[in-house]
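So the chains spell out like this:
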Amino acid sequence: MRANTRLFMVDFSNTEIAFKSKSDGDLRRAWFLFKTVANPSFVEFGKGLVSLSLKLKLPVKWLIRKTVFNQFCGGVDIDDCKPVINQMHQFGVMSILDYSAEGNESEADFDKTVAITLETIRFGNVNKSVPLSVFKPTGVGRFALYEKVNSGEPLSTDEQAEWDRVRDRFYKIVKTAYDVNASVMVDAEESWIQAAIDELVRELMMAYNKERAVVYNTLQMYRWDRLQYLKDSFDHAAEHGYYLGVKLVRGAYMEKERARAVDKGYIDPIQLDKAATDSDYNDALDFVMARLDKMRLVAGTHNDESSRFLMQLLEKHNIAPSDRRVFFSQLFGMSDHLSFNLAAAGYNVVKYLPFGPVAEVMPYLFRRAEENTSVAGQTGRELALITKEIQRRRNAR
Ligand SMILES: Cc1cc2nc3c(=O)[nH]c(=O)nc-3n(C[C@H](O)[C@H](O)[C@H](O)COP(=O)(O)OP(=O)(O)OC[C@H]3O[C@@H](n4cnc5c(N)ncnc54)[C@H](O)[C@@H]3O)c2cc1C
C-alpha cells in the first residue's frame, strides 16, 4: 500500500476500530469514569476520601481496582499486566511497562524500582509486544537531591555518595538495555530538576548510543527553551558521534511550573500560550523527522493534529509507517481513537501501561484524574467517542 493512501485511510473518529479491544462493560466503566472526573470538585473530594481511606486501611482497594485502576493501569505487577498486553497486541498496539509507584523515597525503594525496571527490560527482550522500557528519575533518586545537583550547589560527602548511587542506578538500567539489545526512555520531570537529569542522560548517550539509540531523553515542548535545546542536543550528538533518542511530549506540570516561577520570582519557563506549545511541538517533530538517520523518535501525545502531522512527515520523507525509528505513543486508558486507528493502518504504536500496587500508583491515578479535569477538551472528547461507540454497538444489535 502506498503511504499516502494510508494517510487518508486513517480516520480517528472510527470508534469501532478504536474500541475493538474493549467489552461493553469496559466501555460503560470508562464512560462513568470520564463523566465523574469531568467534575473538578468531585475529583478533589475523591482524592481526599481515597487518601484517607487508604491511610485508615479501609477496604477500598477492590473498588479502586475495579474502577479507576483498571481504566488507567495494567495490573499490580508484570504478570498481572500480561492479559492487557496480549489483548492490545492482537490489534497491533504495543506496550511500555511503566512501573508507576510514586512518592517512595528510601534507598530500598529506589533499588526496587531499578530491579523492576530491569525486569521490564528483560520481559521486553522476549516479547515483541513490549518494544521499549521507561523509568522516572524520581523513582531512582530523591527529588531534593536532584534539585541540589541541578542548582550547582556543592554536595556534602554523604550527598555526593548518594548522588553516585543515583548515577549507578541510571547506568545499571541503561547498560542492561544495551546488553539485551533493548531501548529505555527517561521521563522528564519538573524544570528545577531537569538539567541534572539532562546532563546524566547525555553522558549515558555518549557511552551507550554509539551504535543505536539505547537511551532516549524526554523533551517537554511546553518549555520555550526546549526547541533550541533539541537543536543543541542534535549538534552535540553529531559532534560526538552518537544517536539522539528523544521522546517528545508537551509536558505534564504546567500549573506547578507557573506557580513556582511566580512564587520565586523567576521567568516562567512555560510558553506564553497553548498555541506556542503546539507550534514548538510540531516544529520539534519536523526537526527530528528530517534527521532520522541520526535520531530516533517517540511522539508521546494525545493530540490529533500532531499525530496527523507526524503521519504527514513520515510520508513526506518517504518513510514506511512500520519503520521502527518512529513510534506514536499514548497512555493506557486514554486516546484509543489514536492508538488503535494508527496501529490498524500499520503505524508503530506503543502505549504506556502503568503498573504497581494499588496504593502506590494512587499519585499517578490522581494525576490522570486531574489532567482529565484540567485539559480542556480531553474529557469531552473521550466521552463523545465512548458514547458514540456504545450507541453504534446498540444499533448494530
Ligand atoms: C506516552 C506519553 C509519555 C509522556 N511522558 C511524559 C513525561 O515524561 N514528562 C511529562 O512532563 N509529561 C509526559 N507526558 C504527558 C504530556 O506531557 C502531556 O501532559 C499530555 O500528553 C497532554 O498533551 P498532548 O500532547 O496530549 O496534547 P494536548 O492535550 O493538545 O495539550 C495539552 C498540553 O498542552 C500544554 N498546554 C496547555 N495549555 C497551555 C497553555 N496555556 N500554555 C502553554 N502550554 C499549554 C500542556 O503541556 C498540556 O498538558 C506523556 C504523555 C504521553 C502520552
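Residues numbered from 1 in each chain as written. Predicted model: local features only at pLDDT ≥ 70, side-chain atom pairs only at ≥ 80, totals over all residues. Heavy atoms only, no water.

**What about the overall build of the protein?**
When helices and strands are counted, the protein shows 17 helices and eight strands. Relative to the compact-globule value of 21 Å for 397 residues, the protein shows a C-alpha radius of gyration of 21 Å, a close match. With the C-alpha coordinates aligned to their principal axes, the bounding extent of the protein is approximately 70 × 60 × 45 Å. The contacts in the protein between residues at least 6 apart in sequence include a share of 78% that link residues at least 24 apart. Working note: accessible area of the protein is about 17600 Å², and carbon and sulfur atoms make up 55% of it. Treating the 54 positive side-chain charges of the protein as one cloud and the 54 negative ones as another, the clouds have centres 6 Å apart. (Helix = DSSP H or I, 4+ residues; strand = E, 2+ residues; numbered from the N terminus. Rg over C-alpha atoms; globule rule 2.2 N^0.38 Å. Contact = heavy atoms within 4.5 Å. Areas by Shrake-Rupley, 256 points an atom, 1.4 Å probe, with all protein chains shown as cover. Lys, Arg positive; Asp, Glu negative; His and termini not counted. Charge placed at Lys NZ, Arg CZ, Asp CG, Glu CD.)

**Focus: helix H12 (residues 254-264)**
Within the sequence span of H12, burial applies to Glu257, Arg260 and Ala261. Angular distribution of buried residues about the axis of H12 spans 100 degrees; they occupy a single face of the element. Turned more than 90 degrees away from the buried face of H12 sit Glu255, Val262 and Asp263, all of them exposed. Where H12 ends, the next residue or the one after it, Gly265, has phi of about 70 degrees, a positive value. (Buried < 20%, exposed > 50% of the residue type's maximum accessible area, 1.4 Å probe, protein only. Arc of directions from axis to C-beta.)

**A look at the site of the ligand**
Neighbouring the ligand are 28 residues; Arg250, Gly251, Thr277, Thr301 and His302 lie closest to it. Here an oxygen atom of the ligand and a side-chain polar atom of Asp187 are 3.2 Å apart. Within the backbone of Asp273, one N or O atom sits 3.5 Å away from a nitrogen atom of the ligand. Burial of the ligand by the surrounding chains reaches 88%, relative to a free accessible area of 930 Å². Of all the elements in the fold, those that place two or more residues in the shell around the ligand are strand E4 (215-220), strand E5 (244-249), H12, helix H13 (274-289) and strand E7 (326-331). Looking at the shell around the ligand, the element that brings in the most residues is E7, giving three residues. When grouped by side-chain class, the residues that make up the shell around the ligand number 10 nonpolar, 11 polar and seven charged. (Near = heavy atom within 4 Å. Polar contact = N/O pair within 3.5 Å; in protein donor to acceptor, adjacent residues only side chain to side chain. Nonpolar A, V, L, I, M, F, W, Y, C, P; charged D, E, K, R; others polar.)

**A few points about the pattern of salt bridges**
Counted by the stated rule, this structure contains 28 salt bridges. Notably, a salt bridge pairs Asp80 with Arg65, separated by 3.0 Å at the nearest N-O pair. With Asp80 in helix H6 (residues 78-90) and Arg65 in helix H5 (residues 61-72), this pair connects stretches of sequence that are 15 residues apart. Overall, the relative accessible area of 26% leaves Asp80 in the partly exposed class. The salt bridge involving Asp225 is made with Arg223; its shortest N-O contact spans 2.9 Å. In this structure Arg223 comes out as buried when scored by relative accessible area, which is 8%. Three or more residues joined by partner-sharing salt bridges are found here, namely Glu16, Asp24, Glu389, Arg392, Arg393 and Arg397. (Salt bridge = Lys/Arg side-chain N within 4 Å of Asp/Glu carboxyl O.)

**Regarding the pairing of strand E8 (residues 349-355)**
Here E8 lies mainly inside the structure; seven of its seven residues are buried. Sheet analysis places strand E1 (residues 93-99) next to E8, joined by seven bridges and oriented parallel. Looking at the pairing, Tyr99 lines up with Phe355 of E8. At this point the chain moves from E7, through helix H15 (residues 336-344), to the parallel E8, and the crossover so formed is right-handed. (Pairing = 2+ DSSP bridges. Right-handed = clockwise from strand over helix to strand, strands pointing away.)

**Focus: the packing of aromatic side chains**
If you walk through the whole model with that rule in mind, you get 10 aromatic pairs. Every member of this aromatic cluster is reached through a ring pair, and the members are Tyr171, Tyr178 and Tyr208. In this structure, Arg226 is placed above the aromatic ring of Tyr229, and the distance from its NZ or CZ to the ring centre is 4.2 Å. Over the aromatic face of Tyr281 sits the side chain of Arg250, whose NZ or CZ is 4.5 Å from the ring centroid. (Phe/Tyr/Trp six-rings, centres within 6.5 Å; stacked < 30°, edge-to-face > 60°. Lys NZ or Arg CZ within 6 Å of the ring centre and 35° of its normal.)

**A closer look at the packing of helix H10 (residues 191-208) against helix H11 (residues 226-240)**
Relative placement of two packed helices is described by the angle separating their axes and the distance separating the axes. For the pair H10 and H11, the least separation of the axes is 11 Å and the interaxial angle reads 25 degrees. Between H10 and H11, the interaxial angle falls into the category roughly parallel. Considering the relative orientation of H10 and H11, their crossing is right-handed. Along the contact surface, H10 presents Gln194, Asp198, Arg202 and Met206, while H11 presents Arg226, Tyr229, Asp232, Ser233, His236 and His240. Classifying every residue of the contact of H10 with H11 gives two nonpolar, four polar and four charged. (Axes fitted to C-alpha atoms, helices over the stretch in contact; angles between N-to-C directions. Parallel < 35°, antiparallel > 145°, perpendicular 65-115°, else oblique. Left-handed = near helix turned anticlockwise from the far one by under 90°.)

**Here's the deal with the nonpolar core**
With 80 residues, the main nonpolar core has Leu97, Phe170, Leu230, Val246, Leu248, Met289 and Leu297 as its most contacted residues. A per-element tally of this core places H10 first, with nine residues. Once residues lying within four places of it in the same chain are set aside, the contact partners of Leu248 are Leu219, Met221, Tyr281, Ala284, Leu285, Val288, Leu297, Val298, Ala299 and Gly300. Judged by nonpolar contacts, the second largest core, of 41 residues, contains Phe19, Val134, Met334 and Leu385. (Core = buried A, V, L, I, M, F, W, Y, C linked by side-chain atoms within 4.5 Å.)

**Describing the packing of helix H9 (residues 157-179) against H10**
Where H9 contacts H10, the two axes come as close as 11 Å, and the packing angle between them is 40 degrees. Classified by the angle their axes make, H9 and H10 are oblique. Crossing handedness for the pair H9 and H10: right-handed. Here Trp163, Arg167, Phe170, Tyr171, Val174, Lys175 and Tyr178 of H9 lie close against H10, whose contacting residues are Ala196, Leu200, Val201, Glu203, Leu204 and Tyr208.

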